[in-house]
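Spelled out from the first residue to the last, the chains are:
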Amino acid sequence: MKYNKTKNLNIENKKAHWENVFATKAETEVSWFQSYPKTSIEFLELFNLPLDANIIDVGGGDSHFIDALLEKGYTNVYVLDISANAIERAKARLGKNANKVKWIVSDITEFEPTIKFDFWHDRAAFHFLTDDEKIYKYVAIAENAIHKDGYLILGTFSENGPTKCSGLEIKQYNKASMSARFEVDFNRIKCITEDHVTPFNTIQNFVFCSFQKK
């Protein structure tokens, strides 16, 4: 019981942190902002998914990835984020189009999917998991939530990227270490590295990998 209380407190602290970030900073005041998620969309377009595919953006916050999905005509799109404030900001930006999205406020390690996904997208959420227990839990959730032959696209800071983001420690990855996390149930398709230019004109190096569920 003591362990569970500690775990819940950690989640509550993390949630409070992100609620504060999205309550106090404009979208162009956070380092991860992109006006158009070019790399994520390029990965999406590799797989020629039907427009009724189940797609989830994990840690999507108020990212513009969801805008791009709706513009392309996808009809079963989900956004998960620990911050209700982030999701409310995304809803406000989308206006009536927000009704086309299924919104989920949850810590990813507490997420209990009720459907299977064809495409799981995560840019810069996974690297905030820094202990093995949370990482294993994330991987297990993804394994269970993605259809056979479905796709997982993951973007994290590379070994040449920052060691912190938004004041929090992160875990860096390279092609090999990221692949090792998912090798049991997924086949790796493609990995790239990319320099992200922040709104402050600094450079953050990312590694992106795509996988297919076995």
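Residues numbered from 1 in each chain as written. Predicted model: local features only at pLDDT ≥ 70, side-chain atom pairs only at ≥ 80, totals over all residues. Heavy atoms only, no water.

Peer 1: Break down the state of the cysteines for me, with residues and values.
Peer 2: Applying the stated rule across the entire model yields 1 disulfide. Across a sulfur-sulfur distance of 2.0 Å, Cys-191 and Cys-209 are joined as a disulfide pair. When the S-S torsion is 110 degrees, as for the bridge of Cys-191 with Cys-209, the disulfide is right-handed. Taken together, the positions of Cys-191 in strand β8 (residues 186-197) and Cys-209 in strand β9 (residues 203-213) put the pair 18 residues apart, joining distant regions of the chain. Owing to a relative accessible area of 22%, Cys-191 belongs among the partly exposed residues under this scheme. On the basis of relative accessibility, which here comes to 0%, the residue Cys-209 falls in the buried class. In this structure Cys-165 is not part of a disulfide, and its nearest cysteine sulfur, from Cys-209, lies 19 Å away. According to the relative accessible area criterion, Cys-165 is buried, its value standing at 7%. (Disulfide = S-S within 2.5 Å. Helix = DSSP H or I, 4+ residues; strand = E, 2+ residues; numbered from the N terminus. Buried < 20%, exposed > 50% of the residue type's maximum accessible area, 1.4 Å probe, protein only.)

Peer 1: So what about helix α2 (residues 38-46)? Which residues, and what values?
Peer 2: All buried positions along α2 are accounted for by Thr-39, Ser-40, Ile-41, Phe-43 and Leu-44. Where α2 terminates, the next one or two residues include Asn-48, which has phi positive at roughly 50 degrees.

Peer 1: Could you give an account of the packing of aromatic side chains, with specific residues and numbers?
Peer 2: Geometrically, a pair of aromatic rings is defined through the distance of the ring centres and the angle of the planes. Evaluation of the coordinates by the stated rule reveals 18 aromatic pairs. Centre to centre, the rings of Phe-43 and Phe-208 are 6.2 Å apart; their planes meet at 25 degrees, and the pair counts as stacked. Of the two residues, Phe-43 is situated in helix α2 and Phe-208 in strand β9; the sequence distance between them amounts to 165 residues. Geometrically, the ring pair formed by Trp-120 and Tyr-138 is edge-to-face, given 5.8 Å between the ring centres and 80 degrees between the ring planes. Taken together, the positions of Trp-120 in strand β4 (residues 117-123) and Tyr-138 in helix α5 (residues 132-145) put the pair 18 residues apart, joining distant regions of the chain. In this structure, Trp-120 and Tyr-138 share a single accessibility class: buried. Connected via pairs of aromatic rings, a cluster forms that spans Tyr-78, Phe-117, Trp-120, Phe-126, Tyr-138, Tyr-173, Phe-182, Phe-186 and Phe-211. Over the face of the ring belonging to Phe-206 we find Arg-123, whose NZ or CZ atom lies 5.1 Å from the ring centre. Just above the ring of Phe-43 sits the side chain of Lys-190; from NZ or CZ to the centre is 5.7 Å. (Phe/Tyr/Trp six-rings, centres within 6.5 Å; stacked < 30°, edge-to-face > 60°. Lys NZ or Arg CZ within 6 Å of the ring centre and 35° of its normal.)

Peer 1: Can you explain the environment of Cys-209? Please cite residues and give values.
Peer 2: For the pair formed by Cys-209 and Tyr-151, sequence separation is 58 residues and the distance between their alpha carbons is 10 Å. Aside from chain neighbours lying at most four places away, what touches Cys-209 is Leu-152, Ile-153, Leu-154, Lys-175, Met-178, Lys-190 and Cys-191. (Contact = heavy atoms within 4.5 Å.)

Peer 1: Any details on the sheet that holds strand β1 (residues 54-58)? Residues and values, ideally.
Peer 2: What holds strands together in a sheet is hydrogen bonding between their backbones, with the strands either parallel or antiparallel. As summarised here, the arrangement of the 7 strands in space is β3-β2-β1-β4-β5-β9-β8, forming an open sheet in which the pairing is mixed. At either end of the open sheet lies a strand with only one pairing partner, and these are β3 (101-105) and β8. Direction aside, the axes of adjacent strands within the sheet are offset by 15 degrees on average. Bridge analysis of β8 against β9 gives 11 bridges, and the strand direction is antiparallel. Residue pairing across strands places Lys-190 opposite Ser-210, the latter belonging to β9. The strands that helix α4 (residues 84-94) touches are β2 (76-81) and β3; relative to β3, the one it contacts most, it runs at about 160 degrees. (Pairing = 2+ DSSP bridges. Axes fitted to C-alpha atoms, helices over the stretch in contact; angles between N-to-C directions.)

Peer 1: Go over the pairing of β3, please, and point to the residues and values.
Peer 2: Of the pairings in the sheet, the one linking β2 to β3 comprises 5 bridges and is parallel in character. Counted as the bridge partner of Tyr-78 is Lys-102 from β3.

Peer 1: Describe in detail the confidence of the model for the protein chain, supporting the description with residues and values.
Peer 2: Summarising the model, the protein chain shows a mean pLDDT of 94, and 96% of its residues fall at 70 or more. Within the model, pLDDT remains below 50 along residues 1-9, and this stretch shows 3 contacts once partners closer than five positions in the same chain are excluded. (pLDDT = per-residue confidence, 0-100.)

Peer 1: Please set out the side chain of Asp-107 residue by residue, giving values where relevant.
Peer 2: One can find Asp-107 in the loop between β3 and β4. Among the residues examined, Asp-107 registers a relative accessible area of 6% and is labelled buried. Contact partners of Asp-107, with chain neighbours within four places excluded, come to Ile-11, Lys-14 and Ile-82.

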